[in-house]
Amino acid sequence: MQGPHTKRGRTSRLVWAAGLVAMLATSAFAQDYTATVTTDSNDAYESPASNATTLTALSGQDDARTTVTIPFSFPYYGSAYTSISVCTNGFAQLGGGTAANYSNLTLPQSGSLDGIICPLWDDLYLRSTGTVQTWTAGSAPNRRFIISWEAVPHISNSGSRHTFQIKLHETS
């Protein structure tokens, strides 16, 4: 029987998926979001698409971030966003935030952590291995913008590899 931390071969692979889905929303800014944690790659995890963009600004970096454009307006806690700042440390911040800290803070926080989504907020380091990729799947009005951290090691355990995703759904 496989549990959430089952070893697969020599590499322990965690597949975390953070899906942000607003279902049956009654307003454009409904706050009905879900997060899913799974080890079944056939469930919520999506392999990077052939047109995925590797965020090269994060390659080989520690505590780094880069801002990318979301291909649709994404409502989150009363604001609509068209950009997101992606950090090497396993989180992203809507609206192009400035946070890059690996230390977990108590949430909610006001100010610098507004719009933060944290699927695996920890001290990750994209040495010579691991990538962060983005792509859009589906077609309007049901697109998904996916940010995928692929085989990213923890700074204190370079043998560990973490794979997880954030999915922003256009219909949220």
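Residues numbered from 1 in each chain as written. Predicted model: local features only at pLDDT ≥ 70, side-chain atom pairs only at ≥ 80, totals over all residues. Heavy atoms only, no water.

Caption draft 1: Molecular detail of the overall build of the protein. The helix and strand inventory of the protein stands at zero helices and eleven strands. Burial analysis of the protein (172 residues in total) assigns 44% to the buried set. Of the roughly 8600 Å² that the protein leaves accessible, carbon and sulfur atoms contribute 49%. (Helix = DSSP H or I, 4+ residues; strand = E, 2+ residues; numbered from the N terminus. Buried < 20%, exposed > 50% of the residue type's maximum accessible area, 1.4 Å probe, protein only. Areas by Shrake-Rupley, 256 points an atom, 1.4 Å probe, with all protein chains shown as cover.)

Caption draft 2: Broad picture of the nonpolar core. Ranked by internal contacts, the top residues of the largest apolar core, which has 25 residues, are Ile84, Val86, Leu94, Ile147 and Leu168. Of all the secondary-structure elements, those providing two or more residues to this core are strand 5 (65–76), strand 6 (79–87), strand 7 (91–94), strand 10 (144–154) and strand 11 (157–169). Among residues more than four places away in sequence, those in contact with Leu94 are Ile70, Phe74, Tyr76, Tyr81, Ser83, Ile84, Asp114, Gly115, Ile117 and Leu168. In terms of nonpolar packing, the next biggest core, distinct from the first, is built from five residues, Cys87, Phe91, Leu113 and Ile116 among them. (Core = buried A, V, L, I, M, F, W, Y, C linked by side-chain atoms within 4.5 Å. Contact = heavy atoms within 4.5 Å.)

Caption draft 3: Quick look at unusual backbone geometry. Between Ala140 and Pro141 the backbone carries a cis peptide bond, its omega angle lying at 5°. Note on placement: Pro141 falls in the loop between strand 9 (131–137) and strand 10. Notably, Asp63 is not glycine yet its phi reads approximately 55°, a positive angle. Along the polypeptide, Asp63 turns up in the loop between strand 4 (53–54) and strand 5. Of the residues examined, Asp63 reaches a relative accessible area of 32% and is grouped as partly exposed. In this structure, Tyr77 is a non-glycine residue whose phi angle is positive, near 45°. Looking at where Tyr77 falls in the secondary structure, it is placed in the loop between strand 5 and strand 6. Of the residues examined, Tyr77 reaches a relative accessible area of 57% and is grouped as exposed.

Caption draft 4: Fine view of the environment of Val132. Note on placement: Val132 falls in strand 9. Judged by its relative accessible area of 0%, Val132 falls in the buried class. Sequence separation between Val132 and Thr88 is 44 residues; the distance between their C-alpha atoms is 7.8 Å. Setting aside chain neighbours within four positions, we find Val132 in contact with Thr53, Thr54, Leu55, Leu58, Val86, Leu126, Ile147, Ser148 and Trp149.

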